[in-house]
Amino acid sequence: MAEVKASLACGVIAAFLSSAVLAFVEDLDDTFKDTRVNDVWLVDFYAPWCGYCKKLEPIWHEVGAELKSSGSPVRVGKMDATAYSGMASEFGVRGYPTIKLLKGDLAYNYKGPRTKDDIVEFANRVAGPAVRALPSKQMFEHMMKRHDVLFVYVGGDSPLKEKYNDAASELIVYTYFFSASEEALPESVSLPELPAVVVFKDGGYFTYDEYEDSSLSLWVNKERFQGYLQIDGFTLYELGETGKLVAIAVIDEKDPTEESGRLKTLMQRVAKEYREQFNRDFQFGHMDGNDYINSLIMGEVTVPSVIILNTSNEQYFLPSEPIESMEQLVQFISSVLNGSAQAYGGDGIIQRIKRVAFDARSTIMSVFRSSPLLGCFLFGLPLGVISLMCYGICTAESDDGSDDIDALKREGLTDDEEEEEEERQRAAELEGPEEEDEDAGEKDPEEKKTD
């Protein structure tokens, strides 16, 4: 009896906790448009049949619980975009799942990894002010420890500050923006003039130059990454939005070799020592393994090696010989920059056809590798049926062939000629059996002798 009571109590507690977690995420309907105005909302637009949406669901409930427990003003909801398609279209939903933070009249798309920590960090960053103040050196140093890349406006009111605020409102989805007085900066920081926009990263700081860097938003977009990164598929997608070429050392971190370590070190040195020469046009980093690169270029890249990707037009560049020194690496990068290096790939019609064929082949191979029987059923059975149909069509004999020939013969005859032709055919049919009987009755002289 005690065990039954204990199990019932556990069931009640579990149900209570489950309902409490679910309460952190609100189900939204078509009335949401009118009721959302005064709040900040983080909304998951999903489709019930979407596998990615189902995978996100438990994470989404964790996001709701985290934001609620931390006292965040952000409310978390989810909407069935197939049931309320008109509402989803108004918010620009074109795929599932789509995560948006809605703040007043603004809607911010989330494009980061679908993990609880990343989504919560995005919500807290975008829900707050676009530009946050750093009132003291202690606060500045604290933020320097928390962020690898830190954008700071230094100075009073100015046209540059207005541009900075506009850039912050546009790019807050990617990074934080701060403002500070000159007194709040570390003593090691010396600015030639104020106001100024400064980015702190890679152990140093770099100032925006309105004449050399043109648009402030473009400059921020290009500087929002560290000079050297560990690159994966998602990071490469994000780097594509900066407009930079991506120089990658392809290595194997699971089985490191002296050659891999040397290429990685060379890439890091070029990123740091040649920043002034290459930073505006190149992003540097390394990638573990060549699987993703191979699928991207539809070819085979050796490990370790160096490759430069142009994500805007899907071109790539390979050195003509193995990179042995930093001088060779700098020369290769310079040849890409000045246009003398051989470009491969691209986004032309032939490459697109190759991409379709490559993706189809990859899909089929992955199905056969994961489940050979399923692959045979999905692809072998339809091919077999199609083959049998083709064989039947090619070997079939037409019973109406003679009729078709007669019809062709009669084509072009007058009515009288057609009647005469029909009479001749009938006469031939009547005479035919008699002639056969006569022929049967007559014997060849040789046959008679035999008899």
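Preceding this section is the structure that the text describes.
The notes below deal with the structure included here. (Residues numbered from 1 in each chain as written. Predicted model: local features only at pLDDT ≥ 70, side-chain atom pairs only at ≥ 80, totals over all residues. Heavy atoms only, no water.)

1. Considerations on the overall build of the protein chain
Reasoning step 1: Counting secondary structure elements, the protein chain contains 18 helices and 16 strands.
Reasoning step 2: Counting over 451 residues, the protein chain shows a buried share of 33%.
Reasoning step 3: Expressed as a percentage of contacts within the protein chain between residues at least 6 apart in sequence, the contacts between residues at least 24 apart total 70%.
Reasoning step 4: For the protein chain, the accessible surface area stands at approximately 27700 Å², while carbon and sulfur atoms represent 53% of it. (Helix = DSSP H or I, 4+ residues; strand = E, 2+ residues; numbered from the N terminus. Buried < 20%, exposed > 50% of the residue type's maximum accessible area, 1.4 Å probe, protein only. Contact = heavy atoms within 4.5 Å. Areas by Shrake-Rupley, 256 points an atom, 1.4 Å probe, with all protein chains shown as cover.)

2. Brief notes about the sheet that holds strand S15 (residues 315-317)
Reasoning step 1: Taken in spatial order, the 6 strands line up as S11-S13-S12-S14-S15-S16 in an open sheet, and their pairing is mixed. Of all the strands in the sheet, just strand S11 (228-230) and strand S16 (343-345) have a single pairing partner and so form its edges. The average angle at which neighbouring strand axes cross in this sheet is 30°, direction not considered.
Reasoning step 2: The strands touched by helix H10 (residues 258-273) within the sheet are S11, strand S12 (245-251), strand S13 (282-288) and strand S14 (305-310), with S12 carrying the most contacts at an inclination of about 155°.
Reasoning step 3: This element, helix H13 (residues 326-338), spans S12, S13, S14 and S15 of the sheet and lies at about 20° to S14. (Pairing = 2+ DSSP bridges. Axes fitted to C-alpha atoms, helices over the stretch in contact; angles between N-to-C directions.)

3. Overview of the sheet that holds strand S5 (residues 106-109)
Reasoning step 1: Here 5 strands make up an open sheet; going across it, the order is S1-S3-S2-S4-S5 and the pairing mixed. The open sheet has two edge strands, strand S1 (25-27) and S5, and neither has a second partner. Each strand axis lies, on average, 30° off the axis of its neighbour in the sheet, ignoring direction.
Reasoning step 2: Direction of pairing for strand S2 (residues 40-46) relative to strand S4 (residues 98-103): antiparallel, over a ladder of 6 bridges. In the sheet register, Asp44 faces S4, and the bridge partner there is Ile99.

4. Some words on helix H3 (residues 51-69)
Owing to its 3.6 residues per turn, the α-helix brings residues three or four apart onto one side.
Reasoning step 1: Taking 1.5 Å per residue, 19 residues should reach 27 Å; H3 reaches 28 Å between its end C-alpha atoms and fits that length.
Reasoning step 2: Taking the largest bend as the criterion, H3 deviates by roughly 40°, centred on Glu57, and proline Pro58 comes between one and four positions later.
Reasoning step 3: Regarding H3, the residues found buried are Cys53, Leu56, Trp60, His61, Val63, Gly64, Ala65 and Leu67.
Reasoning step 4: The first or second residue beyond H3 is Gly71, which carries a positive phi of 80°. (Expected span 1.5 Å × (residues − 1). Bend = angle between axes of the 7 residues up to and from the residue.)

5. Describing the packing of H10 against H13
Reasoning step 1: The contact between H10 and H13 brings their axes to 10 Å, and the two run at 60°. When you trace H10 past H13, the crossing you get is right-handed. Contact with H10, carried on its side by Leu266, Met267, Arg269, Val270 and Glu273, involves Met326, Leu329, Val330 and Ile333 of H13 and no other residues of that element.
Reasoning step 2: Classifying every residue of the contact of H10 with H13 gives 7 nonpolar, no polar and 2 charged. (Left-handed = near helix turned anticlockwise from the far one by under 90°. Nonpolar A, V, L, I, M, F, W, Y, C, P; charged D, E, K, R; others polar.)

6. Observations regarding empty space enclosed by the protein
Reasoning step 1: For the structure shown, the criterion picks out 1 cavity of 30 Å³ or more.
Reasoning step 2: Counted as a void, the largest cavity has a volume near 60 Å³.
Reasoning step 3: Contributing to the lining of the largest cavity are Leu296, Ile297, Met298, Glu314, Tyr316, Gly345, Gly346, Gln351 and Arg355.
Reasoning step 4: Contributions of two or more residues to the lining of the largest cavity are made by helix H12 (291-297) and helix H14 (349-370).
Reasoning step 5: A class-by-class count of the residues in the lining of the largest cavity yields 4 nonpolar, 3 polar and 2 charged. (1 Å grid on protein atoms, 1.4 Å probe; cavity = no way out; pocket = protein on both sides within 12 Å on 5 of 7 lines; lining within 4 Å. Points joined across faces, edges and corners; volume = space filled by probe spheres on them.)

7. Re the pairing of S5
Reasoning step 1: Bridge count for S4 against S5 is 4 bridges, and the pairing is antiparallel. Pairing of Leu101 across the sheet is with Tyr108, part of S5.
Reasoning step 2: Hairpin connection, S4 to S5: the antiparallel pair is bridged by 2 residues, and Gly104 has positive phi, about 65°.

8. Here we look at the layout of surface pockets
Reasoning step 1: As a volume, the largest pocket reaches approximately 870 Å³.
Reasoning step 2: Those elements that provide at least two residues to the lining of the largest pocket are S5, helix H5 (116-127) and helix H9 (233-239).
Reasoning step 3: Considering each element in turn, the lining of the largest pocket owes the most residues, 5 residues, to H5.
Reasoning step 4: Residues that form the lining of the largest pocket fall into these classes: 11 nonpolar, 6 polar and 11 charged.

9. Topic: the packing of aromatic side chains
Reasoning step 1: Counting across every chain of the model gives 17 aromatic pairs.
Reasoning step 2: For the ring pair Tyr176 and Phe178, a centre distance of 6.0 Å and an interplane angle of 20° mean the geometry is stacked.
Reasoning step 3: Three or more aromatic residues joined by ring pairs form one cluster here, namely Phe151, Tyr153, Tyr164, Phe177, Tyr208 and Trp219.
Reasoning step 4: In this structure, Arg125 packs its charged tip against the face of Tyr176, placed 5.7 Å from the ring centre.
Reasoning step 5: Above the plane of the ring of Phe206 lies Arg275, whose end atom (NZ or CZ) is 3.5 Å from the centre. (Phe/Tyr/Trp six-rings, centres within 6.5 Å; stacked < 30°, edge-to-face > 60°. Lys NZ or Arg CZ within 6 Å of the ring centre and 35° of its normal.)

10. Observations regarding the environment of Glu62
Reasoning step 1: With respect to the helices and strands, the residue Glu62 is situated in helix H3.
Reasoning step 2: When the C-alpha atoms of Glu62 and Lys116 are compared, they prove to be 6.6 Å apart, with 54 residues separating the residues in sequence.

11. Some points on the pattern of salt bridges
Reasoning step 1: Across all of its chains, the model carries 21 salt bridges by this definition.
Reasoning step 2: Of the charged contacts in the structure, one is a salt bridge between Lys161 and Asp157, with a shortest N-O distance of 3.2 Å.
Reasoning step 3: Here Lys201 and Glu223 are joined by a salt bridge, their closest N and O atoms 2.7 Å apart. Here Lys201, found in strand S9 (residues 196-201), pairs with Glu223, found in helix H8 (residues 216-223); they are 22 residues apart in sequence, far enough to count as distant.
Reasoning step 4: Judged by its relative accessible area of 3%, Lys201 falls in the buried class.
Reasoning step 5: You can call Glu223 buried: its relative accessible area is 4%.
Reasoning step 6: What you see here is one network of salt bridges that share partners, running through Glu26, Asp39 and Arg75. (Salt bridge = Lys/Arg side-chain N within 4 Å of Asp/Glu carboxyl O.)

12. Focus on the packing of H3 against H5
Reasoning step 1: Interaxial distance between H3 and H5 falls to 9 Å at its minimum, and their mutual angle equals 45°. In terms of orientation, H3 lies oblique with respect to H5. Taken as a pair, H3 and H5 cross one another with a handedness that is right-handed. Within the contact between the two elements, H3 uses Leu56, Ile59, Trp60, Glu62, Val63, Glu66 and Leu67 and H5 uses Lys116, Ile119, Val120, Ala123 and Asn124.
Reasoning step 2: For the contact of H3 with H5, the per-class residue count stands at 8 nonpolar, 1 polar and 3 charged. (Parallel < 35°, antiparallel > 145°, perpendicular 65-115°, else oblique.)

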